[in-house]
Amino acid sequence: MDGTFTQNDIRHIVEADKAHVWHHLTQHKPFETSDPRIILEGKGMRVWDQNGKEYIDAVSGGVWTVNVGYGRENIAKAVYDQLMKLCYFAQSAGSIPGSLFAEKLISKMPGMSRVYITNSGSEANEKAFKMVRQIAHKKYGGKKYKILYRDRDYHGSTLAAMSAGGQDERNAQYGPFAPGFVRVPHCMEYRKEELGLGHLSGRDFGIAAANLIEEVILREGPETVGALCLEPVTAGGGVITPPDGYWERVQEICRKYDILLHIDEVVCGIGRTGTHWFGYQHYGIKPDFVTMAKGVASGYAAIACCVTTEEVFEMFKDNAEDPLDHFRDISTFGGCAAGPAAALENMRIIEDENLLENCTAMGERLMGNLRALMDKHAVIGDVRGLGLFCGAELVADRETKEPVSESQVAQVVAECGAQGVIIGASNRSVPGRNNTLCFSPALIATADDIDAITQAVDAALTRVF
Ligand code: PLP
(Lines give C-alpha, C1' and ligand atoms only; values in the text may rest on other atoms or scores of the structure.)
Protein backbone atom coordinates (compact mmCIF):
# COMPACT_ATOMS: atom_id res chain seq x y z
CA MET A 1 0.00 0.00 0.00
CA ASP A 2 1.20 3.52 -0.67
CA GLY A 3 0.56 4.79 2.88
CA THR A 4 -1.92 7.50 1.84
CA PHE A 5 -4.17 6.71 4.79
CA THR A 6 -3.49 7.29 8.49
CA GLN A 7 -4.82 4.86 11.10
CA ASN A 8 -7.43 7.48 12.01
CA ASP A 9 -8.57 7.79 8.39
CA ILE A 10 -8.95 4.05 8.18
CA ARG A 11 -10.90 3.77 11.44
CA HIS A 12 -13.20 6.53 10.21
CA ILE A 13 -13.79 4.68 6.92
CA VAL A 14 -14.57 1.43 8.76
CA GLU A 15 -16.96 3.14 11.19
CA ALA A 16 -18.72 5.01 8.37
CA ASP A 17 -19.13 1.72 6.55
CA LYS A 18 -20.54 -0.03 9.61
CA ALA A 19 -22.93 2.83 10.27
CA HIS A 20 -24.23 3.47 6.76
CA VAL A 21 -23.26 0.99 4.07
CA TRP A 22 -25.55 -1.82 3.01
CA HIS A 23 -23.21 -4.39 1.46
CA HIS A 24 -24.38 -6.48 -1.46
CA LEU A 25 -25.33 -10.10 -0.87
CA THR A 26 -24.13 -9.92 2.71
CA GLN A 27 -25.48 -10.98 6.09
CA HIS A 28 -24.72 -7.96 8.32
CA LYS A 29 -25.18 -9.50 11.76
CA PRO A 30 -21.48 -10.49 12.07
CA PHE A 31 -20.48 -6.82 11.65
CA GLU A 32 -21.95 -6.10 15.09
CA THR A 33 -18.91 -7.82 16.55
CA SER A 34 -16.35 -7.65 13.76
CA ASP A 35 -15.37 -5.32 10.93
CA PRO A 36 -16.28 -5.83 7.30
CA ARG A 37 -13.36 -6.28 4.89
CA ILE A 38 -12.69 -3.00 3.14
CA ILE A 39 -10.46 -3.11 0.09
CA LEU A 40 -8.39 0.04 -0.07
CA GLU A 41 -6.15 -0.47 -3.08
CA GLY A 42 -5.35 -2.76 -5.96
CA LYS A 43 -2.41 -3.25 -8.31
CA GLY A 44 -2.13 -5.98 -10.92
CA MET A 45 -3.43 -9.20 -9.34
CA ARG A 46 -3.18 -7.91 -5.79
CA VAL A 47 -5.40 -5.94 -3.40
CA TRP A 48 -4.86 -4.57 0.13
CA ASP A 49 -7.41 -4.36 2.91
CA GLN A 50 -7.81 -1.86 5.76
CA ASN A 51 -5.27 -3.71 7.88
CA GLY A 52 -2.63 -3.49 5.18
CA LYS A 53 -3.00 -7.21 4.46
CA GLU A 54 -2.06 -8.13 0.90
CA TYR A 55 -4.12 -10.66 -1.06
CA ILE A 56 -3.85 -12.33 -4.43
CA ASP A 57 -7.28 -11.70 -5.89
CA ALA A 58 -8.28 -15.02 -7.46
CA VAL A 59 -11.78 -13.79 -8.28
CA SER A 60 -11.07 -10.51 -10.15
CA GLY A 61 -12.85 -8.10 -7.85
CA GLY A 62 -14.99 -10.72 -6.11
CA VAL A 63 -17.29 -11.36 -9.05
CA TRP A 64 -15.14 -12.22 -12.12
CA THR A 65 -14.85 -8.64 -13.33
CA VAL A 66 -11.38 -7.05 -13.34
CA ASN A 67 -10.10 -9.01 -16.34
CA VAL A 68 -7.03 -6.84 -17.02
CA GLY A 69 -6.08 -6.37 -13.36
CA TYR A 70 -5.94 -3.29 -11.14
CA GLY A 71 -4.14 0.01 -11.57
CA ARG A 72 -4.22 0.35 -15.36
CA GLU A 73 -3.11 3.90 -16.05
CA ASN A 74 -4.06 3.72 -19.73
CA ILE A 75 -7.69 3.02 -18.91
CA ALA A 76 -7.80 5.72 -16.24
CA LYS A 77 -6.27 8.18 -18.69
CA ALA A 78 -8.69 7.24 -21.50
CA VAL A 79 -11.58 7.81 -19.09
CA TYR A 80 -10.12 11.10 -17.82
CA ASP A 81 -9.53 12.44 -21.34
CA GLN A 82 -13.03 11.45 -22.42
CA LEU A 83 -14.68 12.99 -19.36
CA MET A 84 -12.87 16.27 -20.01
CA LYS A 85 -14.00 16.21 -23.64
CA LEU A 86 -17.58 15.06 -23.02
CA CYS A 87 -18.82 13.24 -19.92
CA TYR A 88 -22.28 12.43 -21.06
CA PHE A 89 -24.93 12.74 -23.67
CA ALA A 90 -27.95 10.42 -23.97
CA GLN A 91 -27.37 7.45 -26.27
CA SER A 92 -30.19 8.65 -28.51
CA ALA A 93 -27.27 10.61 -29.98
CA GLY A 94 -23.91 9.05 -30.79
CA SER A 95 -20.48 9.61 -29.21
CA ILE A 96 -16.87 9.09 -30.30
CA PRO A 97 -16.08 6.29 -27.81
CA GLY A 98 -19.52 4.72 -28.37
CA SER A 99 -18.92 4.43 -32.13
CA LEU A 100 -15.33 3.24 -31.85
CA PHE A 101 -16.08 0.72 -29.13
CA ALA A 102 -19.08 -0.70 -31.02
CA GLU A 103 -16.96 -1.06 -34.16
CA LYS A 104 -14.16 -2.81 -32.24
CA LEU A 105 -16.53 -5.11 -30.37
CA ILE A 106 -18.34 -6.18 -33.52
CA SER A 107 -14.98 -6.90 -35.20
CA LYS A 108 -14.57 -9.66 -32.56
CA MET A 109 -18.06 -11.06 -33.06
CA PRO A 110 -18.56 -12.34 -36.63
CA GLY A 111 -22.26 -12.59 -37.44
CA MET A 112 -23.24 -9.91 -34.92
CA SER A 113 -23.92 -6.34 -35.90
CA ARG A 114 -25.53 -3.93 -33.42
CA VAL A 115 -24.47 -2.83 -29.94
CA TYR A 116 -27.00 -1.46 -27.46
CA ILE A 117 -25.03 0.11 -24.60
CA THR A 118 -26.39 0.00 -21.08
CA ASN A 119 -24.86 -0.26 -17.60
CA SER A 120 -25.33 -3.61 -15.89
CA GLY A 121 -25.63 -7.24 -16.82
CA SER A 122 -29.18 -7.41 -15.48
CA GLU A 123 -30.13 -4.45 -17.59
CA ALA A 124 -28.48 -5.84 -20.73
CA ASN A 125 -30.51 -9.03 -20.26
CA GLU A 126 -33.70 -7.03 -19.74
CA LYS A 127 -33.04 -5.29 -23.06
CA ALA A 128 -32.84 -8.64 -24.84
CA PHE A 129 -36.02 -9.85 -23.09
CA LYS A 130 -37.87 -6.71 -24.16
CA MET A 131 -36.66 -7.12 -27.74
CA VAL A 132 -37.93 -10.71 -27.73
CA ARG A 133 -41.31 -9.58 -26.42
CA GLN A 134 -41.54 -6.81 -29.00
CA ILE A 135 -40.58 -9.22 -31.80
CA ALA A 136 -43.37 -11.52 -30.59
CA HIS A 137 -45.81 -8.64 -31.08
CA LYS A 138 -44.37 -7.54 -34.40
CA LYS A 139 -44.09 -10.97 -36.03
CA TYR A 140 -46.32 -13.39 -34.16
CA GLY A 141 -49.37 -11.44 -32.95
CA GLY A 142 -47.97 -11.44 -29.40
CA LYS A 143 -48.00 -15.23 -29.22
CA LYS A 144 -44.33 -16.21 -29.20
CA TYR A 145 -43.59 -14.41 -25.95
CA LYS A 146 -42.17 -17.07 -23.64
CA ILE A 147 -38.52 -17.00 -22.68
CA LEU A 148 -36.84 -20.21 -21.57
CA TYR A 149 -34.05 -20.12 -19.03
CA ARG A 150 -32.06 -22.88 -17.37
CA ASP A 151 -31.91 -24.33 -13.91
CA ARG A 152 -28.77 -23.01 -12.09
CA ASP A 153 -28.17 -20.14 -14.56
CA TYR A 154 -28.32 -16.55 -13.30
CA HIS A 155 -29.20 -13.49 -15.35
CA GLY A 156 -29.37 -10.67 -12.85
CA SER A 157 -31.03 -9.03 -9.89
CA THR A 158 -33.88 -7.04 -11.45
CA LEU A 159 -37.31 -8.61 -11.38
CA ALA A 160 -37.52 -9.79 -15.00
CA ALA A 161 -33.92 -11.04 -14.83
CA MET A 162 -34.90 -12.92 -11.66
CA SER A 163 -37.93 -14.30 -13.47
CA ALA A 164 -35.31 -15.95 -15.66
CA GLY A 165 -33.29 -16.95 -12.60
CA GLY A 166 -32.41 -20.62 -12.15
CA GLN A 167 -31.07 -20.17 -8.62
CA ASP A 168 -33.82 -20.77 -6.09
CA GLU A 169 -31.97 -19.33 -3.11
CA ARG A 170 -31.47 -16.00 -4.92
CA ASN A 171 -35.17 -15.84 -5.81
CA ALA A 172 -36.70 -16.94 -2.51
CA GLN A 173 -38.99 -14.28 -0.95
CA TYR A 174 -38.85 -11.91 -3.95
CA GLY A 175 -41.75 -13.28 -5.99
CA PRO A 176 -44.16 -13.11 -7.63
CA PHE A 177 -42.13 -12.89 -10.81
CA ALA A 178 -42.95 -11.84 -14.36
CA PRO A 179 -45.08 -14.30 -16.31
CA GLY A 180 -43.86 -16.03 -19.47
CA PHE A 181 -40.50 -17.28 -18.20
CA VAL A 182 -40.14 -21.06 -18.21
CA ARG A 183 -37.35 -23.15 -16.70
CA VAL A 184 -35.48 -25.91 -18.52
CA PRO A 185 -33.16 -28.46 -16.85
CA HIS A 186 -29.42 -27.92 -16.40
CA CYS A 187 -26.76 -29.88 -18.30
CA MET A 188 -24.30 -30.75 -15.56
CA GLU A 189 -22.66 -34.08 -16.32
CA TYR A 190 -21.31 -34.47 -12.79
CA ARG A 191 -24.88 -34.51 -11.48
CA LYS A 192 -26.52 -36.23 -14.42
CA GLU A 193 -28.45 -38.58 -12.12
CA GLU A 194 -30.63 -35.59 -11.16
CA LEU A 195 -31.68 -35.36 -14.81
CA GLY A 196 -32.54 -39.06 -15.05
CA LEU A 197 -29.60 -39.43 -17.47
CA GLY A 198 -27.19 -41.30 -15.20
CA HIS A 199 -26.78 -44.09 -17.77
CA LEU A 200 -25.36 -41.75 -20.45
CA SER A 201 -21.98 -40.12 -20.84
CA GLY A 202 -20.01 -37.86 -23.20
CA ARG A 203 -21.78 -36.82 -26.38
CA ASP A 204 -24.78 -39.06 -25.73
CA PHE A 205 -25.33 -37.28 -22.45
CA GLY A 206 -24.88 -33.84 -24.05
CA ILE A 207 -27.47 -34.54 -26.73
CA ALA A 208 -29.91 -36.03 -24.24
CA ALA A 209 -29.48 -33.00 -21.92
CA ALA A 210 -30.30 -30.68 -24.85
CA ASN A 211 -33.29 -32.84 -25.72
CA LEU A 212 -34.69 -32.07 -22.27
CA ILE A 213 -35.06 -28.49 -23.55
CA GLU A 214 -37.02 -29.74 -26.54
CA GLU A 215 -39.36 -31.59 -24.20
CA VAL A 216 -40.16 -28.31 -22.42
CA ILE A 217 -40.72 -26.54 -25.76
CA LEU A 218 -43.15 -29.23 -26.87
CA ARG A 219 -44.96 -29.11 -23.54
CA GLU A 220 -45.33 -25.32 -23.67
CA GLY A 221 -46.16 -25.25 -27.38
CA PRO A 222 -43.40 -24.12 -29.78
CA GLU A 223 -45.67 -21.39 -31.14
CA THR A 224 -45.51 -19.71 -27.70
CA VAL A 225 -41.71 -19.86 -27.21
CA GLY A 226 -39.78 -16.82 -28.45
CA ALA A 227 -36.30 -17.25 -27.00
CA LEU A 228 -33.91 -19.43 -25.06
CA CYS A 229 -31.52 -17.61 -22.72
CA LEU A 230 -28.44 -19.54 -21.51
CA GLU A 231 -24.99 -18.92 -20.08
CA PRO A 232 -22.38 -20.58 -22.35
CA VAL A 233 -20.64 -21.83 -19.20
CA THR A 234 -22.77 -21.41 -16.08
CA ALA A 235 -20.90 -19.21 -13.62
CA GLY A 236 -22.33 -18.66 -10.12
CA GLY A 237 -24.46 -21.79 -10.44
CA GLY A 238 -21.29 -23.87 -10.04
CA VAL A 239 -18.99 -23.31 -13.06
CA ILE A 240 -20.84 -25.78 -15.26
CA THR A 241 -19.12 -26.45 -18.59
CA PRO A 242 -21.43 -27.83 -21.27
CA PRO A 243 -21.08 -31.49 -22.25
CA ASP A 244 -19.98 -32.49 -25.77
CA GLY A 245 -22.74 -32.28 -28.34
CA TYR A 246 -24.93 -30.08 -26.16
CA TRP A 247 -24.64 -26.78 -27.98
CA GLU A 248 -24.90 -28.33 -31.43
CA ARG A 249 -28.20 -29.92 -30.47
CA VAL A 250 -29.45 -26.80 -28.66
CA GLN A 251 -28.94 -24.81 -31.85
CA GLU A 252 -30.72 -27.42 -33.95
CA ILE A 253 -33.67 -27.25 -31.59
CA CYS A 254 -33.79 -23.44 -31.70
CA ARG A 255 -33.73 -23.45 -35.51
CA LYS A 256 -36.37 -26.17 -35.72
CA TYR A 257 -38.86 -24.19 -33.64
CA ASP A 258 -37.86 -20.67 -34.76
CA ILE A 259 -36.59 -19.75 -31.28
CA LEU A 260 -34.13 -16.89 -30.81
CA LEU A 261 -30.93 -17.79 -28.97
CA HIS A 262 -29.78 -15.36 -26.28
CA ILE A 263 -26.31 -16.04 -24.88
CA ASP A 264 -25.55 -14.41 -21.53
CA GLU A 265 -21.82 -13.63 -21.64
CA VAL A 266 -21.87 -11.38 -18.58
CA VAL A 267 -19.19 -13.55 -16.95
CA CYS A 268 -17.69 -15.44 -19.91
CA GLY A 269 -17.35 -12.45 -22.24
CA ILE A 270 -14.23 -10.43 -23.08
CA GLY A 271 -11.63 -13.10 -22.72
CA ARG A 272 -12.51 -14.88 -19.49
CA THR A 273 -12.66 -18.33 -21.14
CA GLY A 274 -9.38 -17.92 -23.08
CA THR A 275 -8.46 -18.22 -26.80
CA HIS A 276 -11.71 -16.55 -27.93
CA TRP A 277 -13.26 -13.25 -26.91
CA PHE A 278 -16.50 -14.96 -25.93
CA GLY A 279 -17.55 -18.25 -24.38
CA TYR A 280 -20.02 -19.03 -27.18
CA GLN A 281 -17.19 -18.92 -29.74
CA HIS A 282 -15.76 -22.16 -28.29
CA TYR A 283 -18.88 -24.05 -29.33
CA GLY A 284 -19.65 -22.76 -32.84
CA ILE A 285 -22.79 -21.05 -31.58
CA LYS A 286 -24.55 -18.49 -33.80
CA PRO A 287 -26.52 -16.38 -31.34
CA ASP A 288 -29.26 -13.83 -32.00
CA PHE A 289 -28.47 -11.88 -28.82
CA VAL A 290 -25.28 -11.68 -26.78
CA THR A 291 -25.30 -9.80 -23.48
CA MET A 292 -22.14 -8.85 -21.61
CA ALA A 293 -21.06 -6.71 -18.68
CA LYS A 294 -18.37 -7.49 -16.12
CA GLY A 295 -15.18 -7.76 -18.18
CA VAL A 296 -16.29 -5.22 -20.81
CA ALA A 297 -14.39 -2.46 -19.06
CA SER A 298 -12.87 -4.65 -16.32
CA GLY A 299 -14.75 -2.62 -13.69
CA TYR A 300 -13.03 0.68 -14.56
CA ALA A 301 -16.43 2.06 -15.59
CA ALA A 302 -19.98 0.71 -15.54
CA ILE A 303 -20.83 -0.54 -19.01
CA ALA A 304 -22.81 -3.46 -20.36
CA CYS A 305 -24.14 -4.30 -23.82
CA CYS A 306 -26.85 -6.18 -25.56
CA VAL A 307 -25.49 -7.13 -28.99
CA THR A 308 -27.75 -8.40 -31.77
CA THR A 309 -27.54 -9.58 -35.36
CA GLU A 310 -28.54 -7.30 -38.22
CA GLU A 311 -31.61 -9.55 -38.76
CA VAL A 312 -32.85 -8.74 -35.25
CA PHE A 313 -32.08 -5.05 -35.73
CA GLU A 314 -33.93 -5.00 -39.06
CA MET A 315 -37.11 -6.13 -37.34
CA PHE A 316 -37.17 -2.83 -35.46
CA LYS A 317 -37.10 -0.58 -38.50
CA ASP A 318 -39.58 -2.13 -40.91
CA ASN A 319 -42.12 0.59 -40.70
CA ALA A 320 -40.96 4.15 -39.98
CA GLU A 321 -44.58 5.40 -40.19
CA ASP A 322 -45.51 3.41 -37.10
CA PRO A 323 -44.56 5.28 -33.90
CA LEU A 324 -44.39 1.96 -32.02
CA ASP A 325 -42.12 0.22 -34.50
CA HIS A 326 -38.68 0.96 -33.05
CA PHE A 327 -37.19 -0.25 -29.78
CA ARG A 328 -38.68 2.25 -27.33
CA ASP A 329 -36.16 1.85 -24.56
CA ILE A 330 -33.54 4.02 -22.92
CA SER A 331 -30.87 3.54 -20.31
CA THR A 332 -29.83 6.96 -18.98
CA PHE A 333 -26.35 5.93 -17.98
CA GLY A 334 -25.90 3.97 -21.21
CA GLY A 335 -24.95 7.45 -22.39
CA CYS A 336 -22.00 7.83 -20.01
CA ALA A 337 -19.00 8.26 -22.26
CA ALA A 338 -16.61 6.87 -19.62
CA GLY A 339 -17.94 3.33 -20.22
CA PRO A 340 -17.07 2.88 -23.90
CA ALA A 341 -13.83 4.87 -23.46
CA ALA A 342 -12.73 2.42 -20.76
CA ALA A 343 -14.01 -0.57 -22.73
CA LEU A 344 -12.09 0.37 -25.84
CA GLU A 345 -8.82 0.69 -23.91
CA ASN A 346 -9.58 -2.54 -22.04
CA MET A 347 -9.88 -4.40 -25.36
CA ARG A 348 -6.64 -2.84 -26.62
CA ILE A 349 -4.81 -4.09 -23.53
CA ILE A 350 -6.16 -7.61 -24.01
CA GLU A 351 -4.90 -7.55 -27.61
CA ASP A 352 -1.55 -5.86 -27.00
CA GLU A 353 -0.65 -8.14 -24.10
CA ASN A 354 -1.95 -11.35 -25.73
CA LEU A 355 -4.17 -11.95 -22.74
CA LEU A 356 -6.47 -14.41 -24.52
CA GLU A 357 -3.45 -16.70 -24.99
CA ASN A 358 -2.22 -16.14 -21.44
CA CYS A 359 -5.70 -16.91 -20.15
CA THR A 360 -5.72 -20.26 -21.96
CA ALA A 361 -2.25 -21.23 -20.74
CA MET A 362 -2.83 -20.13 -17.15
CA GLY A 363 -6.33 -21.63 -17.13
CA GLU A 364 -4.82 -24.99 -18.08
CA ARG A 365 -2.25 -24.63 -15.31
CA LEU A 366 -4.97 -23.78 -12.77
CA MET A 367 -7.14 -26.72 -13.83
CA GLY A 368 -4.10 -29.02 -13.82
CA ASN A 369 -3.12 -27.89 -10.33
CA LEU A 370 -6.67 -28.33 -9.01
CA ARG A 371 -6.96 -31.78 -10.62
CA ALA A 372 -3.65 -32.76 -9.02
CA LEU A 373 -5.11 -31.79 -5.64
CA MET A 374 -7.84 -34.40 -6.17
CA ASP A 375 -5.28 -37.15 -5.43
CA LYS A 376 -4.61 -35.66 -2.04
CA HIS A 377 -8.06 -34.33 -1.10
CA ALA A 378 -10.96 -36.76 -1.47
CA VAL A 379 -13.23 -33.84 -0.72
CA ILE A 380 -12.74 -32.50 -4.27
CA GLY A 381 -15.37 -34.34 -6.27
CA ASP A 382 -15.02 -32.56 -9.60
CA VAL A 383 -12.94 -29.87 -11.27
CA ARG A 384 -14.45 -27.95 -14.19
CA GLY A 385 -13.65 -24.86 -16.18
CA LEU A 386 -12.60 -23.08 -19.33
CA GLY A 387 -9.80 -20.52 -19.41
CA LEU A 388 -9.31 -18.65 -16.15
CA PHE A 389 -12.79 -19.61 -15.06
CA CYS A 390 -12.61 -22.74 -12.90
CA GLY A 391 -14.58 -24.48 -10.20
CA ALA A 392 -13.78 -27.27 -7.74
CA GLU A 393 -16.86 -28.97 -6.34
CA LEU A 394 -16.50 -30.22 -2.77
CA VAL A 395 -18.32 -33.36 -1.67
CA ALA A 396 -18.49 -35.25 1.60
CA ASP A 397 -18.45 -38.54 -0.29
CA ARG A 398 -17.27 -39.10 -3.87
CA GLU A 399 -19.66 -42.03 -4.34
CA THR A 400 -22.87 -40.32 -3.23
CA LYS A 401 -21.67 -36.81 -4.27
CA GLU A 402 -23.29 -35.43 -1.15
CA PRO A 403 -22.19 -31.79 -0.88
CA VAL A 404 -20.05 -30.67 2.04
CA SER A 405 -21.80 -28.25 4.37
CA GLU A 406 -22.08 -24.56 3.57
CA SER A 407 -20.13 -23.70 6.69
CA GLN A 408 -17.25 -25.95 5.56
CA VAL A 409 -17.18 -24.15 2.21
CA ALA A 410 -17.15 -20.82 4.06
CA GLN A 411 -14.27 -22.07 6.22
CA VAL A 412 -12.21 -23.00 3.14
CA VAL A 413 -12.83 -19.56 1.63
CA ALA A 414 -11.89 -17.92 4.96
CA GLU A 415 -8.75 -20.08 5.31
CA CYS A 416 -7.59 -19.06 1.85
CA GLY A 417 -8.25 -15.44 2.82
CA ALA A 418 -6.17 -15.89 5.97
CA GLN A 419 -3.32 -17.09 3.73
CA GLY A 420 -3.66 -14.05 1.51
CA VAL A 421 -5.70 -15.48 -1.37
CA ILE A 422 -9.26 -14.37 -2.09
CA ILE A 423 -11.33 -17.13 -3.69
CA GLY A 424 -15.11 -17.45 -4.18
CA ALA A 425 -17.86 -20.02 -3.82
CA SER A 426 -20.85 -20.79 -6.01
CA ASN A 427 -24.27 -19.34 -5.21
CA ARG A 428 -26.76 -21.59 -3.52
CA SER A 429 -28.40 -22.60 -6.80
CA VAL A 430 -30.21 -25.27 -4.97
CA PRO A 431 -30.27 -24.57 -1.22
CA GLY A 432 -27.31 -26.45 0.30
CA ARG A 433 -25.46 -26.53 -3.00
CA ASN A 434 -23.06 -23.63 -2.78
CA ASN A 435 -20.33 -26.24 -2.64
CA THR A 436 -18.16 -25.23 -5.59
CA LEU A 437 -15.02 -23.19 -4.98
CA CYS A 438 -14.72 -20.59 -7.74
CA PHE A 439 -11.58 -19.15 -9.33
CA SER A 440 -11.43 -16.36 -11.87
CA PRO A 441 -8.10 -14.55 -11.54
CA ALA A 442 -7.27 -11.68 -13.87
CA LEU A 443 -6.12 -12.69 -17.35
CA ILE A 444 -2.66 -11.32 -16.49
CA ALA A 445 -2.03 -14.09 -13.93
CA THR A 446 1.47 -15.61 -13.99
CA ALA A 447 2.44 -19.21 -13.28
CA ASP A 448 3.64 -18.11 -9.81
CA ASP A 449 0.26 -16.49 -9.08
CA ILE A 450 -1.58 -19.65 -10.14
CA ASP A 451 0.66 -21.86 -8.03
CA ALA A 452 0.24 -19.56 -5.02
CA ILE A 453 -3.54 -19.77 -5.40
CA THR A 454 -3.57 -23.55 -5.51
CA GLN A 455 -1.07 -23.83 -2.64
CA ALA A 456 -3.47 -21.79 -0.50
CA VAL A 457 -6.35 -24.08 -1.48
CA ASP A 458 -4.26 -27.15 -0.66
CA ALA A 459 -3.44 -25.79 2.80
CA ALA A 460 -7.01 -24.66 3.43
CA LEU A 461 -8.46 -28.07 2.52
CA THR A 462 -5.90 -29.79 4.77
CA ARG A 463 -6.89 -27.55 7.63
CA VAL A 464 -10.68 -27.76 7.23
CA PHE A 465 -11.08 -31.49 6.37
N1 PLP B 1 -25.63 -12.67 -15.92
C2 PLP B 1 -24.70 -13.40 -15.30
C3 PLP B 1 -24.26 -14.70 -15.91
C4 PLP B 1 -24.15 -12.97 -14.09
O5 PLP B 1 -23.24 -13.72 -13.45
C6 PLP B 1 -24.57 -11.72 -13.57
C7 PLP B 1 -23.99 -11.20 -12.31
O8 PLP B 1 -23.31 -11.86 -11.58
C9 PLP B 1 -25.55 -11.00 -14.25
C10 PLP B 1 -26.05 -11.49 -15.42
C11 PLP B 1 -26.04 -9.69 -13.71
O12 PLP B 1 -25.11 -8.71 -13.90
P13 PLP B 1 -25.17 -7.35 -13.00
O14 PLP B 1 -24.86 -7.73 -11.60
O15 PLP B 1 -24.16 -6.47 -13.67
O16 PLP B 1 -26.54 -6.81 -13.16
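Residues numbered from 1 in each chain as written. Predicted model: local features only at pLDDT ≥ 70, side-chain atom pairs only at ≥ 80, totals over all residues.

Novice: Kindly report on the site of the ligand, identifying the contributing residues and their values.
Specialist: Close contacts around the ligand come from 16 residues, with S120, G121, S122, G156 and V266 the closest. Top contributing element to the shell around the ligand by residue count: helix α5 (residues 121-140), with three residues. By residue class, the composition of the shell around the ligand is six nonpolar, eight polar and two charged. (Near = placed C-beta within 6 Å. Helix = DSSP H or I, 4+ residues; strand = E, 2+ residues; numbered from the N terminus. Nonpolar A, V, L, I, M, F, W, Y, C, P; charged D, E, K, R; others polar.)

Novice: Provide a residue-level description of unusual backbone geometry, including the pertinent values.
Specialist: Between G175 and P176 the backbone carries a cis peptide bond, its omega angle lying at 0°. Assignment of secondary structure puts P176 in the loop between α7 (168-171) and β6 (181-184). Of note in this structure, S298 is not a glycine but carries a positive phi near 50°. Mapped onto the fold, S298 is located in the loop between β9 (289-292) and β10 (304-308).

Novice: Residues and numbers for the sheet that holds strand β3 (residues 54-57), please.
Specialist: Across the sheet, which stays open at both edges, the four strands sit in the order β1-β2-β3-β14 with mixed pairing between neighbours. Two strands bound the open sheet, and with one partner strand each, they are β1 (39-43) and β14 (421-422). When β3 meets β14, the two strands line up parallel, connected through two bridges. When the bridges of β14 are listed, I56 appears paired with V421. (Pairing = 2+ DSSP bridges.)

Novice: Describe the pairing of strand β8 (residues 260-264), with residues and values.
Specialist: Looking down a regular strand, the side chains alternate between one sheet face and the other. Of all five residues in β8, five are buried; the element is thus mostly enclosed. Residues L260, H262 and D264 point to one face of β8 and L261 and I263 to the other, with burial holding for every one of them. Pairing geometry for strand β7 (residues 225-230) and β8, over four bridges, is parallel. Note that in β8 the partner of A227 across the bridge is L260. Read from β7 through helix α9 (residues 246-256) to β8, the crossover connection turns out right-handed. One ladder, built from three bridges, connects β8 with β9; its direction is parallel. (Buried ≥ 20, exposed ≤ 12 C-beta atoms within 10 Å, placed from the backbone. Right-handed = clockwise from strand over helix to strand, strands pointing away.)

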